[in-house]
Amino acid sequence: GAGVSQSPSNKVTEKGKDVELRCDPISGHTALYWYRQSLGQGLEFLIYFQGNSAPDKSGLPSDRFSAERTGGSVSTLTIQRTQQEDSAVYLCASSLRFIGASNTEAFFGQGTRLTVV
Amino acid sequence: GESVGLHLPTLSVQEGDNSIINCAYSNSASDYFIWYKQESGKGPQFIIDIRSNMDKRQGQRVTVLLNKTVKHLSLQIAATQPGDSAVYFCAENISAGDTGRRALTFGSGTRLQVQP
(Lines give C-alpha, C1' and ligand atoms only; values in the text may rest on other atoms or scores of the structure.)
Protein backbone atom coordinates (compact mmCIF):
# COMPACT_ATOMS: atom_id res chain seq x y z
CA GLY A 1 0.00 0.00 0.00
CA ALA A 2 0.90 3.64 -0.23
CA GLY A 3 1.12 4.24 3.50
CA VAL A 4 1.58 2.57 6.84
CA SER A 5 -1.32 0.25 7.55
CA GLN A 6 -2.37 -0.87 11.00
CA SER A 7 -4.93 -3.45 12.00
CA PRO A 8 -7.31 -3.69 13.61
CA SER A 9 -8.33 -0.04 13.72
CA ASN A 10 -10.26 -0.67 16.91
CA LYS A 11 -9.96 -3.45 19.45
CA VAL A 12 -12.02 -4.01 22.57
CA THR A 13 -10.77 -6.75 24.84
CA GLU A 14 -11.46 -8.05 28.29
CA LYS A 15 -8.98 -7.52 31.05
CA GLY A 16 -6.55 -10.41 31.22
CA LYS A 17 -6.79 -11.36 27.56
CA ASP A 18 -3.87 -11.20 25.13
CA VAL A 19 -3.99 -8.95 22.06
CA GLU A 20 -1.93 -8.67 18.90
CA LEU A 21 -1.63 -5.47 16.95
CA ARG A 22 -0.32 -5.48 13.42
CA CYS A 23 1.68 -2.95 11.44
CA ASP A 24 2.42 -3.06 7.72
CA PRO A 25 5.11 -0.45 7.02
CA ILE A 26 5.76 1.26 3.74
CA SER A 27 7.52 -1.12 1.39
CA GLY A 28 11.29 -0.72 1.55
CA HIS A 29 11.34 1.11 4.87
CA THR A 30 13.96 -0.45 7.09
CA ALA A 31 13.07 1.36 10.29
CA LEU A 32 9.83 0.73 12.18
CA TYR A 33 8.62 2.30 15.41
CA TRP A 34 5.82 1.63 17.86
CA TYR A 35 4.38 4.42 19.98
CA ARG A 36 1.51 4.62 22.43
CA GLN A 37 -0.76 7.61 22.81
CA SER A 38 -3.14 7.96 25.70
CA LEU A 39 -6.16 10.24 25.36
CA GLY A 40 -5.08 13.86 25.03
CA GLN A 41 -1.45 12.97 25.58
CA GLY A 42 1.73 12.93 23.57
CA LEU A 43 3.36 9.93 22.00
CA GLU A 44 5.19 7.49 24.25
CA PHE A 45 7.98 5.55 22.56
CA LEU A 46 7.76 1.78 22.92
CA ILE A 47 10.21 0.05 20.59
CA TYR A 48 12.27 0.60 17.46
CA PHE A 49 13.21 -1.93 14.78
CA GLN A 50 16.00 -1.69 12.27
CA GLY A 51 15.32 -4.54 9.89
CA ASN A 52 14.23 -7.47 12.03
CA SER A 53 16.25 -6.54 15.07
CA ALA A 54 15.17 -4.23 17.87
CA PRO A 55 18.15 -2.19 19.08
CA ASP A 56 15.94 -0.12 21.35
CA LYS A 57 13.25 -1.73 23.47
CA SER A 58 13.62 0.77 26.26
CA GLY A 59 10.08 2.07 26.01
CA LEU A 60 8.25 -1.20 26.60
CA PRO A 61 6.41 -0.57 29.88
CA SER A 62 6.51 -4.12 31.22
CA ASP A 63 7.33 -7.69 30.30
CA ARG A 64 3.71 -8.12 29.23
CA PHE A 65 4.64 -6.14 26.11
CA SER A 66 6.63 -7.68 23.26
CA ALA A 67 7.09 -7.04 19.58
CA GLU A 68 8.58 -8.78 16.64
CA ARG A 69 9.24 -8.02 13.04
CA THR A 70 9.68 -10.60 10.32
CA GLY A 71 11.08 -10.33 6.83
CA GLY A 72 12.02 -6.74 7.47
CA SER A 73 8.40 -5.86 6.94
CA VAL A 74 5.33 -6.65 9.06
CA SER A 75 5.53 -6.10 12.80
CA THR A 76 3.25 -7.31 15.56
CA LEU A 77 2.97 -5.82 19.01
CA THR A 78 1.67 -8.29 21.57
CA ILE A 79 0.24 -7.35 24.93
CA GLN A 80 -0.31 -10.23 27.31
CA ARG A 81 -2.76 -10.24 30.19
CA THR A 82 -4.08 -6.81 29.24
CA GLN A 83 -4.85 -4.29 31.96
CA GLN A 84 -7.14 -1.27 31.83
CA GLU A 85 -4.15 1.06 31.88
CA ASP A 86 -3.10 -0.46 28.53
CA SER A 87 -6.05 1.30 26.89
CA ALA A 88 -4.61 3.77 24.37
CA VAL A 89 -4.02 4.32 20.68
CA TYR A 90 -1.04 2.32 19.48
CA LEU A 91 0.72 4.01 16.59
CA CYS A 92 3.21 2.51 14.20
CA ALA A 93 5.58 4.49 12.01
CA SER A 94 8.17 3.60 9.42
CA SER A 95 11.01 5.43 7.77
CA LEU A 96 13.35 4.66 4.93
CA ARG A 97 16.26 4.80 7.32
CA PHE A 98 16.45 5.50 11.01
CA ILE A 99 15.20 8.91 12.05
CA GLY A 100 17.97 11.44 12.03
CA ALA A 101 19.79 9.96 9.07
CA SER A 102 19.94 12.25 6.04
CA ASN A 103 16.56 13.89 6.02
CA THR A 104 14.40 10.84 6.31
CA GLU A 105 10.97 11.29 7.83
CA ALA A 106 8.73 8.87 9.67
CA PHE A 107 5.29 8.12 8.30
CA PHE A 108 2.63 7.14 10.80
CA GLY A 109 -0.30 4.81 10.44
CA GLN A 110 -3.78 5.66 11.67
CA GLY A 111 -3.26 3.67 14.84
CA THR A 112 -5.11 0.92 16.66
CA ARG A 113 -7.42 2.11 19.41
CA LEU A 114 -7.25 -0.48 22.18
CA THR A 115 -9.88 -0.49 24.89
CA VAL A 116 -9.52 -2.89 27.80
CA VAL A 117 -12.76 -3.42 29.71
CA GLY B 1 14.69 13.26 33.49
CA GLU B 2 15.31 15.10 30.29
CA SER B 3 12.27 15.74 28.21
CA VAL B 4 10.65 17.75 25.48
CA GLY B 5 7.82 19.97 26.60
CA LEU B 6 5.52 22.69 25.34
CA HIS B 7 4.70 26.05 26.86
CA LEU B 8 1.09 26.39 25.70
CA PRO B 9 -1.39 23.53 25.69
CA THR B 10 -4.00 25.44 23.63
CA LEU B 11 -3.58 28.26 21.14
CA SER B 12 -6.55 30.04 19.59
CA VAL B 13 -6.02 32.31 16.58
CA GLN B 14 -8.13 34.08 14.01
CA GLU B 15 -8.15 32.84 10.44
CA GLY B 16 -5.53 34.69 8.44
CA ASP B 17 -3.35 35.50 11.43
CA ASN B 18 0.09 34.01 11.94
CA SER B 19 0.47 31.30 14.59
CA ILE B 20 3.49 30.57 16.71
CA ILE B 21 3.76 27.32 18.63
CA ASN B 22 6.62 27.00 21.08
CA CYS B 23 8.55 24.07 22.45
CA ALA B 24 11.30 23.77 25.04
CA TYR B 25 13.72 20.90 25.15
CA SER B 26 16.15 20.11 27.90
CA ASN B 27 18.56 17.62 26.35
CA SER B 28 21.49 19.51 24.89
CA ALA B 29 22.53 16.37 23.02
CA SER B 30 19.43 16.51 20.82
CA ASP B 31 20.48 17.24 17.27
CA TYR B 32 17.37 16.67 15.18
CA PHE B 33 13.89 18.08 15.65
CA ILE B 34 10.60 17.53 13.90
CA TRP B 35 7.19 19.14 14.07
CA TYR B 36 4.17 16.90 13.56
CA LYS B 37 0.53 17.77 13.05
CA GLN B 38 -2.14 15.41 14.31
CA GLU B 39 -5.77 15.76 13.34
CA SER B 40 -8.48 14.02 15.29
CA GLY B 41 -8.52 10.28 14.69
CA LYS B 42 -5.42 10.32 12.53
CA GLY B 43 -1.78 9.53 13.00
CA PRO B 44 0.79 12.33 13.24
CA GLN B 45 1.79 13.92 9.97
CA PHE B 46 5.27 15.28 9.32
CA ILE B 47 5.37 19.06 8.84
CA ILE B 48 8.97 20.15 8.91
CA ASP B 49 12.28 19.19 10.44
CA ILE B 50 15.49 20.93 11.38
CA ARG B 51 18.97 19.84 12.38
CA SER B 52 21.02 21.37 15.13
CA ASN B 53 23.48 22.89 12.67
CA MET B 54 20.70 25.19 11.45
CA ASP B 55 18.69 27.89 13.20
CA LYS B 56 15.91 28.34 10.68
CA ARG B 57 14.18 26.32 8.03
CA GLN B 58 11.24 27.27 5.87
CA GLY B 59 8.58 25.24 4.19
CA GLN B 60 5.29 26.07 2.60
CA ARG B 61 3.62 28.54 5.00
CA VAL B 62 5.64 27.08 7.88
CA THR B 63 8.93 28.08 9.43
CA VAL B 64 10.80 26.33 12.20
CA LEU B 65 13.22 28.27 14.37
CA LEU B 66 15.79 26.64 16.61
CA ASN B 67 17.58 28.48 19.40
CA LYS B 68 20.15 26.12 20.84
CA THR B 69 21.36 28.65 23.38
CA VAL B 70 18.06 28.54 25.26
CA LYS B 71 16.99 25.13 23.96
CA HIS B 72 13.89 26.48 22.29
CA LEU B 73 12.04 25.43 19.15
CA SER B 74 9.15 27.19 17.50
CA LEU B 75 6.80 26.55 14.61
CA GLN B 76 5.42 29.51 12.76
CA ILE B 77 2.40 29.11 10.52
CA ALA B 78 1.65 31.98 8.18
CA ALA B 79 -1.90 32.98 7.27
CA THR B 80 -3.44 30.32 9.47
CA GLN B 81 -6.38 28.48 7.92
CA PRO B 82 -9.19 26.44 9.48
CA GLY B 83 -7.52 23.32 8.10
CA ASP B 84 -4.54 24.04 10.32
CA SER B 85 -6.62 23.26 13.40
CA ALA B 86 -4.98 20.23 15.00
CA VAL B 87 -2.62 19.20 17.77
CA TYR B 88 1.00 20.01 17.04
CA PHE B 89 3.85 18.03 18.55
CA CYS B 90 7.51 18.82 18.61
CA ALA B 91 9.86 15.87 18.80
CA GLU B 92 13.56 15.45 19.32
CA ASN B 93 16.13 12.87 18.38
CA ILE B 94 19.60 12.22 19.64
CA SER B 95 22.13 10.69 17.32
CA ALA B 96 24.17 8.72 19.79
CA GLY B 97 26.06 6.31 17.64
CA ASP B 98 25.10 2.86 16.50
CA THR B 99 23.56 1.88 19.80
CA GLY B 100 21.88 5.18 20.48
CA ARG B 101 18.20 6.02 20.49
CA ARG B 102 16.96 6.18 16.95
CA ALA B 103 13.39 7.04 17.77
CA LEU B 104 11.86 10.40 18.46
CA THR B 105 10.90 11.69 21.88
CA PHE B 106 7.65 13.62 21.70
CA GLY B 107 6.28 16.45 23.76
CA SER B 108 2.71 16.52 25.05
CA GLY B 109 1.36 18.67 22.21
CA THR B 110 -0.32 22.04 21.64
CA ARG B 111 -3.84 22.28 20.31
CA LEU B 112 -4.25 24.98 17.67
CA GLN B 113 -7.78 26.28 17.21
CA VAL B 114 -8.42 28.52 14.23
CA GLN B 115 -11.44 30.77 14.58
CA PRO B 116 -13.18 31.70 11.28
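See the structure above.
Computed from a predicted model, the values in this text were never measured in an experiment.

Asks: Honestly, the overall build of chain A in this entry has me stumped. Any pointers?
Replies: When helices and strands are tallied, chain A shows zero helices and 11 strands. The linear arrangement of helices and strands in chain A, starting from the amino end, is β-β-β-β-β-β-β-β-β-β-β. Per-residue burial for chain A yields a buried fraction of 49% across its 117 residues. In chain A, of all internal contacts separated by at least 6 residues, the share reaching a separation of at least 24 is 55%. Carbon together with sulfur atoms contributes 46% to the accessible area of chain A, which is approximately 5400 Å² in total.

Asks: Teacher, can you tell me more about the packing of aromatic side chains here?
Replies: To describe a pair of aromatic rings, you give the distance between the ring centres and the angle between the ring planes. This model, assessed by the stated rule, comprises 10 aromatic pairs over all chains. With a centroid separation of 6.1 Å and an interplanar angle of 80°, the aromatic rings of Phe-108 of chain A and Phe-106 of chain B are classed as edge-to-face. Here the residue Phe-108 of chain A occupies a position in strand S10 (residues 107–108), and Phe-106 of chain B occupies one in strand S10 (residues 105–106), the pair thus bridging two chains. Judged by its relative accessible area of 12%, Phe-108 of chain A is buried. With centroids separated by 6.2 Å and ring planes inclined at 80°, the aromatic side chains of Phe-89 of chain B and Phe-106 of chain B adopt a geometry described as edge-to-face. With Phe-89 of chain B in strand S9 (residues 86–93) and Phe-106 of chain B in strand S10, this residue pair connects regions lying 17 residues apart in the sequence. For the pair shown, Phe-89 of chain B and Phe-106 of chain B are each scored as buried. Within the aromatic cluster, the residues linked to one another by ring pairs are Tyr-35, Phe-45 and Phe-108 of chain A together with Tyr-36, Phe-46, Phe-89 and Phe-106 of chain B.

Asks: What should I look at first to understand unusual backbone geometry in this one?
Replies: Note: most peptide bonds trans; most residues except glycine with negative phi. The residue after Ser-7 of chain A, namely Pro-8 of chain A, is reached through a cis peptide bond having omega -10°. For Pro-8 of chain A, the location among the structural elements is in the loop between strand S1 (5–7) and strand S2 (10–13). Positive phi values are uncommon outside glycine, yet Ala-79 of chain B reaches one of about 50°.

Asks: Looking at this structure, I do not really get the nonpolar core. What am I missing?
Replies: Side chains of a nonpolar character, in soluble globular proteins, are inclined to be buried together. Ranked by size, the top nonpolar core spans 21 residues in total, and within it Tyr-33, Tyr-35, Leu-43 and Phe-108 of chain A together with Tyr-36, Leu-104 and Phe-106 of chain B carry the most contacts. Elements with a contribution of two residues or more to this core: strand S4 (31–37), strand S5 (43–50) and strand S9 (88–95) of chain A together with strand S4 (32–38) and S9 of chain B. If near-sequence neighbours (up to four positions away) are discounted, Tyr-36 of chain B is found in contact with Ala-106 and Phe-108 of chain A together with Pro-44, Gln-45, Phe-46, Ile-47, Val-87, Tyr-88, Phe-89, Leu-104 and Phe-106 of chain B. If you look at the next biggest cluster of nonpolar residues, it comprises 20 residues, including Phe-33, Leu-66, Cys-90 and Leu-112 of chain B.

Asks: It is not clear to me how the pattern of salt bridges should be interpreted in this structure. Could you clarify?
Replies: If charged atoms from side chains of opposite charge come close, those side chains can pair. All names here are of chain A. What the rule picks out here adds up to six salt bridges over all chains. Residue Arg-22 pairs with Asp-24 through a salt bridge whose shortest N-O separation is 2.7 Å. With a relative accessible area of 36%, Arg-22 lands in the partly exposed category. According to the relative accessible area criterion, Asp-24 is partly exposed, its value standing at 23%. Note that Arg-36 and Glu-44 form a salt bridge whose closest N and O atoms lie 3.1 Å from each other.

Asks: Is there a simple way to think about the sheet that holds strand S3 (residues 19–24) of chain A in this case?
Replies: By definition, the strands of a sheet pair up through backbone hydrogen bonds, in either a parallel or an antiparallel sense. Residue and element names in this part refer to chain A. The strand order S1-S3-S8-S7 describes an open sheet built from four strands, whose pairing is antiparallel. Lying at the two open borders of the sheet, with one neighbouring strand each, are S1 and strand S7 (65–69). Neighbouring strand axes in the sheet, compared pairwise and without regard to direction, differ in orientation by 15° on average. Where S7 lies against strand S8 (residues 75–79), five bridges are found, and the strand directions are antiparallel. Bridging across to S8, Phe-65 finds its partner in Ile-79.

Asks: Is there a simple way to explain the side chain of Arg-69 of chain A in this structure?
Replies: Residues and elements named next belong to chain A. Residue position: Arg-69 is located in strand S7. We note that Arg-69 is buried and unpaired, the nearest opposite charge coming from Asp-24 at a distance of 9.5 Å. Within the structure, the side chain of Arg-69 is placed 2.9 Å from the backbone oxygen of His-29, a separation counted as a polar contact. Here the side chain of Arg-69 touches Thr-30 through a polar contact of 2.7 Å, landing on its backbone oxygen. Aside from chain neighbours lying at most four places away, what touches Arg-69 is Pro-25, His-29, Thr-30, Ala-31, Leu-32, Phe-49, Gly-51, Asn-52, Val-74 and Ser-75.

Thresholds applied
- Residues numbered from 1 in each chain as written.
- Chains lettered and ligands numbered in written order.
- Predicted model: local features only at pLDDT ≥ 70, side-chain atom pairs only at ≥ 80, totals over all residues.
- Heavy atoms only, no water.
- Helix = DSSP H or I, 4+ residues; strand = E, 2+ residues; numbered from the N terminus.
- Buried < 20%, exposed > 50% of the residue type's maximum accessible area, 1.4 Å probe, protein only.
- Contact = heavy atoms within 4.5 Å.
- Areas by Shrake-Rupley, 256 points an atom, 1.4 Å probe, with all protein chains shown as cover.
- Phe/Tyr/Trp six-rings, centres within 6.5 Å; stacked < 30°, edge-to-face > 60°.
- Core = buried A, V, L, I, M, F, W, Y, C linked by side-chain atoms within 4.5 Å.
- Salt bridge = Lys/Arg side-chain N within 4 Å of Asp/Glu carboxyl O.
- Pairing = 2+ DSSP bridges.
- Axes fitted to C-alpha atoms, helices over the stretch in contact; angles between N-to-C directions.
- Lys, Arg positive; Asp, Glu negative; His and termini not counted.
- Polar contact = N/O pair within 3.5 Å; in protein donor to acceptor, adjacent residues only side chain to side chain.

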